[in-house]
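Residue-level structural notes
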2 protein chains.
Amino acid sequence: MAKDFSTRAENYSQWYNDVVKKADLAENSAVRGCMVIKPYGYAIWEKMHDALDKMFKETGHVNAYFPIFIPKSFFSREAHHVEGFAKECAVITHYRLKNDPNGGGVVVDPEAKLEEELIVRPTSETIIWDTYKNWIQSYRDLPILCNQWANVVRWEMRTRLFLRTAEFLWQEGHTAHATREEAIAETQKMLNVYADFAEKYMAVSVVRGVKSPNERFAGADDTYCIEALMQDGKALQAGTSHFLGQNFAKAFNVQFLNQENKLEYVWATSWGVSTRLIGALIMSHSDDNGLVLPPALAPIQVVIIPIYKSEEQLKQISEKVDPLIKKLKDKGISVKFDDDDSKRSGWKFNEYEMKGVPVRIAIGPRDLENNQAEVCRRDTLEKTNLHFDTLDVEIEKLLSDIQQSLFDRTVKFREANTRKADTWEEFVDILDNQAGFVYAHWDGTPETEELIKEKAKATIRCIPFNNPLEEGQCILTGKPSKQRVLFARAY
Amino acid sequence: MAKDFSTRAENYSQWYNDVVKKADLAENSAVRGCMVIKPYGYAIWEKMHDALDKMFKETGHVNAYFPIFIPKSFFSREAHHVEGFAKECAVITHYRLKNDPNGGGVVVDPEAKLEEELIVRPTSETIIWDTYKNWIQSYRDLPILCNQWANVVRWEMRTRLFLRTAEFLWQEGHTAHATREEAIAETQKMLNVYADFAEKYMAVSVVRGVKSPNERFAGADDTYCIEALMQDGKALQAGTSHFLGQNFAKAFNVQFLNQENKLEYVWATSWGVSTRLIGALIMSHSDDNGLVLPPALAPIQVVIIPIYKSEEQLKQISEKVDPLIKKLKDKGISVKFDDDDSKRSGWKFNEYEMKGVPVRIAIGPRDLENNQAEVCRRDTLEKTNLHFDTLDVEIEKLLSDIQQSLFDRTVKFREANTRKADTWEEFVDILDNQAGFVYAHWDGTPETEELIKEKAKATIRCIPFNNPLEEGQCILTGKPSKQRVLFARAY
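Not measured: the values here are computed from a predicted model.

Parameters and conventions
- Along each chain, the written sequence defines residue order, and numbers are assigned to residues from 1.
- Chains carry letters from A onward and ligands carry numbers from 1 onward, assigned in written order.
- Only residues with pLDDT of at least 70 are given local features in this predicted model, and only at 80 or more are side-chain atom pairs given and counted; all residues enter the totals for whole chains, interfaces and linings.
- Water and hydrogen atoms were dropped before computing side-chain values, which therefore reflect all heavy atoms in the structure.
- Note on definitions: a residue-residue contact is assigned when non-hydrogen atoms from the two residues lie within 4.5 Å.
- By buried area we mean the combined loss of accessible area, with a 1.4 Å probe, across both parts when two parts are placed together.
- Within this document, salt bridges are pairs made up of a side-chain nitrogen of Lys or Arg and a carboxyl oxygen of Asp or Glu, the two lying within 4 Å of each other.
- Pairing of N or O atoms within 3.5 Å defines a polar contact, subject to two protein rules: one partner must be a possible hydrogen donor and the other a possible acceptor, and residues neighboring in sequence count only if both atoms are side-chain atoms.
- The helix and strand labels rest on DSSP assignments: H or I over at least four residues marks a helix, E over at least two residues marks a strand, and numbering proceeds from the N terminus.
- Under the scheme applied, nonpolar residues are Ala, Val, Leu, Ile, Met, Phe, Trp, Tyr, Cys and Pro; charged residues are Asp, Glu, Lys and Arg; polar residues are all the others, including Gly.
- When DSSP finds two or more bridges between a pair of strands, those strands are recorded as paired.
- Under the scheme applied here, a residue whose accessible area is under 20% of the maximum for its type counts as buried, over 50% as exposed, and between as partly exposed, the area being computed with a 1.4 Å probe on protein chains only.
- A patch is a set of surface residues, each over 30% in relative accessible area and not in a salt bridge, joined within 9 Å for like charges and within 5 Å for the nonpolar side chains Val, Leu, Ile, Met, Phe, Trp and Tyr.
- Every accessible area reported is derived by Shrake-Rupley at a probe size of 1.4 Å, with residue values counting cover from the shown protein chains alone.
- In this count, Lys and Arg are taken as positive residues and Asp and Glu as negative ones, while His and the chain termini are left out.
- Think of each charge as sitting on NZ of Lys, CZ of Arg, CG of Asp or CD of Glu.
- Axis definition: a line fitted to C-alpha atoms, over the contacting stretch in the case of helices. Angles run 0 to 180 degrees between N-to-C directions.
- For classification, angles of less than 35 degrees are called roughly parallel, those exceeding 145 degrees roughly antiparallel, those between 65 and 115 degrees roughly perpendicular, and all remaining angles oblique.
- Helix crossings fall into two classes, left-handed where the near helix is turned counterclockwise from the far one by less than a right angle and right-handed where it is turned clockwise.

With that settled, consider the interface of chain A and chain B. With 64 residues of chain A in contact, the opposing surface of chain B contributes 64 residues. Where chain A abuts chain B, roughly 5100 Å² becomes buried across the two surfaces, and 66% of that area is made up of carbon and sulfur atoms. Together, Tyr65(A), Tyr95(A) and Leu97(A) form the three largest contributors to the area buried by chain A at its contact with chain B, with a combined 13%. At the junction of chain A and chain B, the tally comes to 4 salt bridges. We note a salt bridge from Arg96(A) to Glu88(B), for which the minimum N-O separation is 3.4 Å. Between the two partners, chain A and chain B, sit 30 residue pairs in polar contact (both at pLDDT 80 or more). No other element matches strand β5 (residues 88–94) of chain A, which puts 7 residues into the side of chain A that touches chain B. Within the side of chain A that touches chain B, the residues separate by chemical class into 40 nonpolar, 9 polar and 15 charged. Here 4 bridges tie β5(A) to strand β5 (residues 91–99) of chain B, and the two strands are oriented antiparallel to one another. Paired with Ile92(A) across the two strands is Ile92(B), which belongs to β5(B).

Pasting the structure below:
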């Protein structure tokens, strides 16, 4: 391990930055708060994109594209939305630059001032519902099940690569329905799609639940979410799905003739996940040697490193592994054979470890003699010598084992780090000394929720679905409570 | 044909708008010059994206993502680039809105003024070369072969859906090389990728060539392009690939240690195609009945329409076509079986014709009796009754025929509409009365090129590769010329 690399125990936050940097995932750009997603990081996003896009299409959705700019006045239409979104955002006021008459490069042309300022979309409900107005006349035009893959901008003051950046990439689904029930079913369906994605592809165990009113999306009647627990015991919201009621339909006057030929406002949902998921992925699995990737999202699933001294040896190894590479590719496994002569094999071992490649195969002259190869799995760093002839089958099985094992580890970790607190002291003690999720009673008021957040820096992550009812007393106010809710300090 | 649909002969421009609208491809948004790409239009873009992305990866490129914002000062760094790009663009001056103290919704917070304005990227050379500076130290770091899929904004005054919009989607490749020769080879390689894509996927014949200095990309040493001819005889630039020399490396001080251990500036290329290609696709093949799509880019390649009166008949037809649908899907052909009971079959025929679905299969009770189906190809509207048992094989062949036939038609059209002019009168006469490409002599000066553009509204589209040398006299000035160049009026 490179000595300029922090361990999680030493400095978790620095460790995260080091993984992002050393695994070559992303970096800060010349523009405050905006990141450059480097090829290896973007390849992970492409894997996420492809898997999610397939899941969206299988559930009947289509993609579309809406403008990046939103007229300022649109934000004022929905009373809650404006509070949540029309604040820290990029504002376009002019549409032309001109040469500085004093020779100082280019300056903003004061004559090219927009009549109404435009906002770079922080989220697209407003512009999309303004569009849907023209698409919907009758119940026959419903449902509309659109998704868009796009960039959005929120002028965050404190940014961290992937976790919180001014510009980020995401998808936002925006659906329109004839009934409340159908919209709620859609909201739930998409939350389940996100949870499946998190568990099956990211190998991250998540809690599904509903947000408390304070934590709801601005403009939603209800926000469902999936919450994951990072290795430092802080929670991370990994995806949200919002039941928007008729709020945006009313704000943009989107009505339809229902089957009884009566005008009614349309019911809405929206749901999204973003490049933030890459942050969650890193913090769920990686270790003090660098990135650890679940095979389902790894751009390179298997790397084969030849150990050789002569050209002749390399040639023999290449000939040996060529059929293996073909067999693995036929199974849909992505393989890289790294015969780059300018790097030593020790350097390569470190490099692919740092980049989280799930399986490394090393093969040298002695392995050729013994008809075997050394196989190392990234999650446990365990090495085994395997018989060469059945290697393709073993590797396939190993990838599947790694995927499952990473997931299981997050389940165990979450279970081990989910506690109950019955008093304020206990609550704060757990947060300060153990972190993790804490189930505690809360009196159900936004005021208490706010006060808990202020005093303990912890928020209600969600009220889990099928949360058992249990009489109790609010940890802060002592007032009666009907159920425990899930608290944590969070990203 | 719907009577609210223009023909090409009546009003070509209106016909184009009607196709875009009636085929449900895109529409104008509430934001001036920005379009909404509707699901069917976006599905075509996805097909283009997937095909191009595969071609880029097969030629060794990787994707990455760079910020949407560019500091204003970056544009002043490269002298020619600033003239071309830092003019009509969206300028961010503020980063916060606040509630209007007078209750008028939200207003720009005057205290949240940026120290330096940010520009929404019109193209990303500047921000990318500012980034590459940190990626490149030695020849071992080269080449860098990055592509990005992104949205860009150019504040166009006159916009048309797909052809010219303020915001559009595109890909931009940005590569860095150790030698001039390698960069030029890359520029050519990518132009050939674009030409292959245009011809094999879009079924559009293109001319490959190099731009005259006036038409070069701002900041390039050379711009290569592919030019297509639309049905109204106007040319459309369908893709460009730029050899940027060391211009951006010098502007952003990107040097590397070469193999002789000497510092040298890096050589660059950039290349891009955009959603404008959808405009080219529409205008190349479509007819007075609506959109015509080449099978390789059609979201739905085959539509099957059952003709029935009773539920029982529909059931029989469904049972008959189910195995066909499976066989077609197994061949990778996208099929839609439209058994929507709320629409009449006549309406469906029109709808899929309008949407350019390459092959329509209609099947009714009599067809069942005769074990056949009526197959209609969209390009010629020709109908044939085909034996049902071999339909999958016939359809596969038909799709390939349509793809080839559409391409051949554009080759013939281009050849028939490429003329030579030897005098100014002849030149203007062809442009005014026949349109198309015109080969004519030009004295090689930017001044004459500009004058021809002013007087005849025609531009030099390109100097085709392998253009034969031929002594002659400039059509405008009569001065000596060594070769004819390709003129046209253009989109």
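Attention now goes to unusual backbone geometry. With an omega of -5 degrees, the peptide bond between Leu142(A) and Pro143(A) qualifies as cis. Here Pro143(A) shows up in the loop between α5 (125–135) and β9 (144–153). One non-glycine residue, Asn466(A), lies in positive phi territory at about 55 degrees. Note that Asn466(A) resides in the loop between β24 (459–464) and β25 (472–473). Of note, Asn253(B) is a non-glycine position whose phi angle comes to about 50 degrees, a positive value. Inspection of the secondary structure puts Asn253(B) in the loop between α6 (247–251) and β13 (255–257).

On to the environment of Val207(B), then. All names here are of chain B. Residue placement: Val207 occurs in strand β10 (residues 207–210). With relative accessibility at 11%, the residue Val207 sits in the buried group. A C-alpha to C-alpha distance of 45 Å links Val207 and His94, two positions 113 residues apart in sequence. The residues contacting Val207, other than those within four sequence positions of it, are Cys225, Ile226, Glu227, Arg414, Phe437, Cys462, Pro464 and Leu486.

With that settled, the discussion passes to a negative patch on the surface. The grouping of Glu311(A), Asp339(A), Asp340(A) and Asp341(A) at the surface amounts to a negative patch. Counting through the fold element by element, Asp341(A) comes out in the loop between β18 (335–337) and α10 (345–354).

Residue and element names in this part refer to chain B. At a minimum axis distance of 11 Å, the contact between helix α12 (residues 424–433) and helix α13 (residues 446–456) shows a crossing angle of 50 degrees. Here α13 runs oblique to α12, going by the angle between their axes. Handedness of the α12/α13 crossing: right-handed. The residues of α13 that touch α12, namely those facing Trp424, Phe427, Val428 and Leu431, are Ile452, Lys455 and Ala456. Considering only residue class, the contact of α12 with α13 consists of 6 nonpolar, no polar and 1 charged.

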